[in-house]
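Given next are the chains, with one letter for each unit.
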Amino acid sequence: MMGVAGLARLAIAKGFLAEFSKLEKSVQLSVDAAISKFAEHTYAGMHLEKIHNSRDPRVRTVRIDSFWRGVVLAPESGDTYCLITVLPHDKANAFAVSHRFSVNQALGVLEVRDEGSIEQVQPALRAVAGPAEQRLFAQVSDADLTRLGIDAQILPVVRLLTSEAHLEALQTMLPEVQYTALYALASGMTVEEAWSEVATYLPDEARRREVDPDDLVTAMERSPGRVAFVSGNDELRSILAHPFAAWRVFLDPSQRRLALEATFSGPAQVTGGAGTGKTVTALHRTARLARQAEAESPHGNPTILLTSFTRNLVDALSAQLALIVSDPRVRDRVEVINVDRLAYRIVSQARGRLAVTDARAERHLWATAAADAAFPYTDVFLEREWEQVILAQDLRTEQAYLTCLRTGRGTPLTKAQRAQVWQLAERVTGQLKAAGRSTHLQLANEATRILRDSGRTLYRHVVVDESQDLHPAQWRLLRAAVAPGPDDLFIAGDPHQRIYDNRVSLASLGINVRGRSRRLTVNYRTTQEILAWAVPLLGSDPVTGLDDEADSLTGYRSPVHGRRPEVRGAATRDEELQNLAEIVRSWLTSGIEPHAIGVAARSSQLADQARDVLAAAGIPVGKTGAKGAASKVRAGTMHGMKGLEFQAVAVIGVDHGVVPMPVAVTPADTDQLAHRQDLLRERCVLFVACTRARDHLYVSYAGQPSVFLRAAAASS
């Protein structure tokens, strides 16, 4: 990419925006002004200062104001300059002295190392190093390490390591690609498997190029996940205006291949832990398909559906898509609605005005039916049987239900009991029909029948985010809404974040992703400290993905470091809520903006109490997902945090008897399988809330802590 004639060519490192987003607004404005001025000058080098004794003479600093400086990488030839980070004056100088940039010898991508820290740590590693045969990588040859990109400076350090803890301590000092290779090997991967991990850093089109170890500019161009070039001041200002949305310009190579380069012969799936960029990938995939549709047939109707489970999620998707797609003609090729709304529209257009029942009224019908019939199991069991077996399989006759498989249901039912369940389900659905009401899942099944009977489809492509929470009835609707063919369904999700009681086998619904499923492993949102604390919350029970394969978090990691989460107990709920007001006020005082702070509770009642206490303390606060809450701290339920992210998160009320929520867990003596599934779902709910945090996580409880917290503490 060539710069504008007479102007410096600018690139931005991802770390620059990470630091920029943490600055106070006044400092951000100073950075914007300084960098814009820098970009306008033909001879940009005259504004850069060399640092005495720097390990890399190509690293310079640029003045922001009397206190802040930017760090810039200025290759020896050409007019390309890369903004690396922005720091206080002394820290910027220390960074410039200590760090050195290089070209990875295996991939040719740009890498940076903290050379000063590496030099300081070597004597300590040498002192604790045991016999050679006890070293961490004793079984890996120098040749294999070199093939994975480990260079001559790092190799002697690697040979000193005796434990994974020592390797993890080096993470912030080592080049990211080299650390990835070593982490993979230390996790038990073979050299070939480790190479597969390393190769994800390189775009497909760059794999065939020769590596020039001295060409930093080409290395930048080969590093789209770490460096982005900007075309001028307008684009620069647009990026700096949304520093949290760094994903608009920074797709790592594995995300880029899935979003922008790959073509699939049928449905495809991307999975990965929280913060690994699944939504980012889905959004860029949507944008690519929309641009392709507009190029092939300008000014056409929407041909792409971007969808998810809840209205709040699709509202967030719509706002994020607008940041990526600026051309209104391209944007108009995408319809962004949730699955329930899609089903409602299809059925109402065919049948006329509809009314949807609410969950409380529906639960009352099941409770009444179960009590009147002296049904031996609870109304919750009865309702779940209807949703997870009858509606999930779209069973329309009693005989079909009597002979069906009840996969995932732990309590066996006799034929007579099944017949009773069917009669009670008929009673409840009859009452709903008489009242002119339906449930969302009933509408999904009916909408599917309408589409199938008409023989028509609605879209050329469907992109699904948070796929793990959709019900089989909703998946059948999506399958019917798009014609089978290349790139028909693109599915993004994580079974470790399943917060609703839906279990799906895509293959059984005619959606086969085998061979077209990819996994992302690097968390770009949450610090490694938060991640290491939160993952044990999930427990050790195996998790099955939508492709019927076991899904693991092997290799799941974050390259970002920060503070450890704070866990704080209180004697009473009032004391806990006063502590919450203190921690939120401290975040605000430190410069975190109100909208970048989230508060999560397991129940809506506790979320209401938190808002009342914060408001009484003079802190602007609103509901999570509410309109007009852009300048307020947002507080809501753990479920309501799904799909959101914040710089700082407080998760409150994680007490014994509250988390897991007793009414959400089937008693073990009623159904052991359902009990385990419910506990896992409750773990996922807590995990989701905690991993919304980017930099700061605060977790509190009143009285005794939740068993989940005790188990996580024991494993850390």
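What counts and what doesn't
Residues numbered from 1 in each chain as written. Predicted model: local features only at pLDDT ≥ 70, side-chain atom pairs only at ≥ 80, totals over all residues. Heavy atoms only, no water. Pairing = 2+ DSSP bridges. Helix = DSSP H or I, 4+ residues; strand = E, 2+ residues; numbered from the N terminus. Axes fitted to C-alpha atoms, helices over the stretch in contact; angles between N-to-C directions. Contact = heavy atoms within 4.5 Å. Expected span 1.5 Å × (residues − 1). Buried < 20%, exposed > 50% of the residue type's maximum accessible area, 1.4 Å probe, protein only. Arc of directions from axis to C-beta. 1 Å grid on protein atoms, 1.4 Å probe; cavity = no way out; pocket = protein on both sides within 12 Å on 5 of 7 lines; lining within 4 Å. Points joined across faces, edges and corners; volume = space filled by probe spheres on them. Nonpolar A, V, L, I, M, F, W, Y, C, P; charged D, E, K, R; others polar. Lys, Arg positive; Asp, Glu negative; His and termini not counted. Salt bridge = Lys/Arg side-chain N within 4 Å of Asp/Glu carboxyl O. Polar contact = N/O pair within 3.5 Å; in protein donor to acceptor, adjacent residues only side chain to side chain. Core = buried A, V, L, I, M, F, W, Y, C linked by side-chain atoms within 4.5 Å. Parallel < 35°, antiparallel > 145°, perpendicular 65-115°, else oblique. Left-handed = near helix turned anticlockwise from the far one by under 90°. Phe/Tyr/Trp six-rings, centres within 6.5 Å; stacked < 30°, edge-to-face > 60°. Lys NZ or Arg CZ within 6 Å of the ring centre and 35° of its normal.

**Q** Which residues make up the sheet that holds strand β10 (residues 304-307), and what are the values?
**A** Ordered in space as β11-β10-β14-β15-β9-β16, the six strands form an open sheet in which the pairing is parallel. With partners counted over all chains shown, the strands left at the sheet margins are β11 (334-336) and β16 (517-520), one partner each. Averaged over all neighbouring strand pairs, the angle between strand axes comes to 15°, with direction disregarded. One ladder, built from four bridges, connects β10 with strand β14 (residues 461-464); its direction is parallel. Directly across from leucine 305, in β14, lies its bridge partner valine 462. Set on the sheet, helix α22 (residues 472-481) makes contact with β10, β14 and β15 (489-493); between it and β14 the angle comes to about 150°.

**Q** Please set out helix α16 (residues 339-351) residue by residue, giving values where relevant.
**A** The first and last C-alpha atoms of α16 sit 18 Å apart over 13 residues, in line with the 18 Å expected at 1.5 Å per residue. Buried within α16 we find Val339, Asp340, Leu342, Ala343, Ile346 and Val347. The buried residues of α16 occupy an angular sector of 165° when the element is viewed end-on, so they sit on one face. Of the exposed residues in α16, the ones pointing more than 90 degrees away from its buried face are Arg341 and Gln349. Where the residues of α16 are buried, they touch β10, α21 (440-454) and α22. Remark: glycine 352 follows α16 within two positions and exhibits a positive phi of approximately 100°.

**Q** Describe empty space enclosed by the protein, naming the residues involved and giving the relevant values.
**A** Taken as a whole and assessed by the stated rule, the structure comprises three cavities of 30 Å³ or more. Each pocket or cavity is described by its volume, and for the largest cavity that value is around 50 Å³. If you go around the largest cavity, the residues you meet are Arg498, Tyr500, Asp501, Asn502, Arg503, Gln677, Leu680, Arg681 and Cys684. Residue classes in the lining of the largest cavity are distributed as three nonpolar, two polar and four charged.

**Q** Help me get a handle on the layout of surface pockets, residues and values and all.
**A** Each pocket or cavity is described by its volume, and for the second largest pocket that value is around 1,400 Å³. In terms of lining residues, the second largest pocket is bounded by 34 residues, among which Ala359, Arg363, Glu383, Glu387 and Tyr500 are the most central. Going through the elements one at a time, α17 (359-372), α18 (379-391), α21 and α26 (672-690) are the ones with two or more residues in the lining of the second largest pocket. The element contributing the most residues to the lining of the second largest pocket is α18, with five residues.

**Q** I'd like to hear about unusual backbone geometry, residue by residue, with values.
**A** Note the cis peptide between valine 659 and proline 660, where omega equals 5°. Structurally, proline 660 can be placed in the loop between β23 (646-651) and α26. Positive phi, close to 65°, is recorded for histidine 299, a residue that is not glycine. As for its position among the elements, histidine 299 is in the loop between α13 (278-296) and β10. With a phi angle near 70°, aspartate 548 is a residue other than glycine that sits in the positive phi range. Secondary-structure assignment places aspartate 548 in the loop between β17 (543-544) and β18 (550-551).

**Q** Provide a residue-level description of the sheet that holds strand β8 (residues 227-230), including the pertinent values.
**A** Pairing is mixed across the open sheet formed by six strands, whose spatial order is β2-β3-β4-β5-β1-β8. The open sheet has two edge strands with one neighbour each: β2 (49-50) and β8.

**Q** Requested: an account of the side chain of glutamate 529, with residues and values cited.
**A** Mapping glutamate 529 onto the fold places it in helix α23 (residues 528-534). The charged side chain of glutamate 529 is buried without a salt bridge, its nearest counter-charge being arginine 564 at 6.6 Å. Within the local environment of glutamate 529, its side chain forms a polar contact with the side chain of histidine 561, the two groups lying 2.7 Å apart.

**Q** A description of the pattern of salt bridges should follow, citing residues and the corresponding values.
**A** A full pass over the atoms with the stated rule returns 32 salt bridges. The partner of arginine 100 in a salt bridge is glutamate 115, with the nearest N and O atoms 2.6 Å apart. Residue arginine 100 is found in strand β6 (residues 99-103), and its partner glutamate 115 is found in helix α4 (residues 115-128); the two are separated by 15 residues along the sequence. A network of salt bridges, in which partner residues are shared, links Glu111, Arg113 and Asp151.

**Q** Can you tell me about the nonpolar core, naming the residues and giving the values?
**A** Among the nonpolar cores identified, the biggest contains 35 residues, and Leu537, Met638, Val651, Leu686, Cys690 and Leu697 are the most heavily contacted of them. Breaking this core down by element, the ones donating at least two residues are α23, β23, α26, β24 (693-702) and α27 (707-715). Considering each element in turn, this core owes the most residues, eight residues, to α26. Once residues lying within four places of it in the same chain are set aside, the contact partners of leucine 537 are Arg683, Leu686, Phe687, Cys690, Phe708, Leu709 and Ala712. Listed in part, the 33 residues of the second largest apolar core include Ile450, Ala473, Leu489 and Val504.

**Q** Hey, could you go over the packing of helix α24 (residues 573-589) against helix α25 (residues 604-616) for me, with residue numbers and the actual values?
**A** Closest axis-to-axis distance for the α24/α25 pair is 10 Å, and the angle between their directions is 55°. When the axes of α24 and α25 are compared, the pair comes out oblique. The chirality of how α24 crosses α25 is right-handed. Across from Arg573, Leu577, Gln578, Leu580, Ala581 and Val584 in α24, the residues of α25 making contact are Leu606, Gln609, Ala610, Val613 and Leu614.

**Q** Please provide a residue-by-residue account of the packing of α21 against α22, values included.
**A** The N-to-C vectors of α21 and α22 enclose an angle of 25°; their axes lie 8 Å apart at closest approach. One element, α21, and the other, α22, form an angle in the roughly parallel class. Judged by the twist between their axes, the crossing of α21 over α22 is left-handed. Of the residues in α22, those in contact with Leu441, Ala444, Asn445, Ala447, Thr448, Leu451 and Arg452 of α21 are Ala473, Gln474, Arg476, Leu477, Ala480 and Ala481. Counted by class, the contact of α21 with α22 contains eight nonpolar, three polar and two charged residues.

**Q** I'd love a proper account of the side chain of asparagine 579, names of residues and values included.
**A** Along the chain, asparagine 579 falls in helix α24. Not counting the four nearest positions on each side in its chain, asparagine 579 is found in contact with Arg568, Ala570 and Tyr698.

**Q** Describe the packing of aromatic side chains, and please don't skip the residues or the numbers.
**A** Applying the stated criterion across every chain, the model contains nine aromatic pairs. Ring centres of phenylalanine 375 and tyrosine 377 lie 5.8 Å apart, and the angle between their planes is 70°; this geometry places the pair in the edge-to-face category. On the basis of relative accessible area, phenylalanine 375 is assigned to the buried category, the value being 7%. Measuring from centroid to centroid gives 4.7 Å for tyrosine 377 and phenylalanine 381, while their planes differ by 35°, and the two rings are tilted. Residue phenylalanine 381 is classed as buried on the basis of its relative accessible area of 5%. Ring pairing ties together the aromatic residues Phe375, Tyr377 and Phe381, which thus form one cluster. Over the face of the ring belonging to phenylalanine 229 we find arginine 9, whose NZ or CZ atom lies 3.9 Å from the ring centre. A cation over an aromatic ring shows up here: lysine 14 above the ring of tyrosine 524, its NZ or CZ 3.8 Å from the ring centre.

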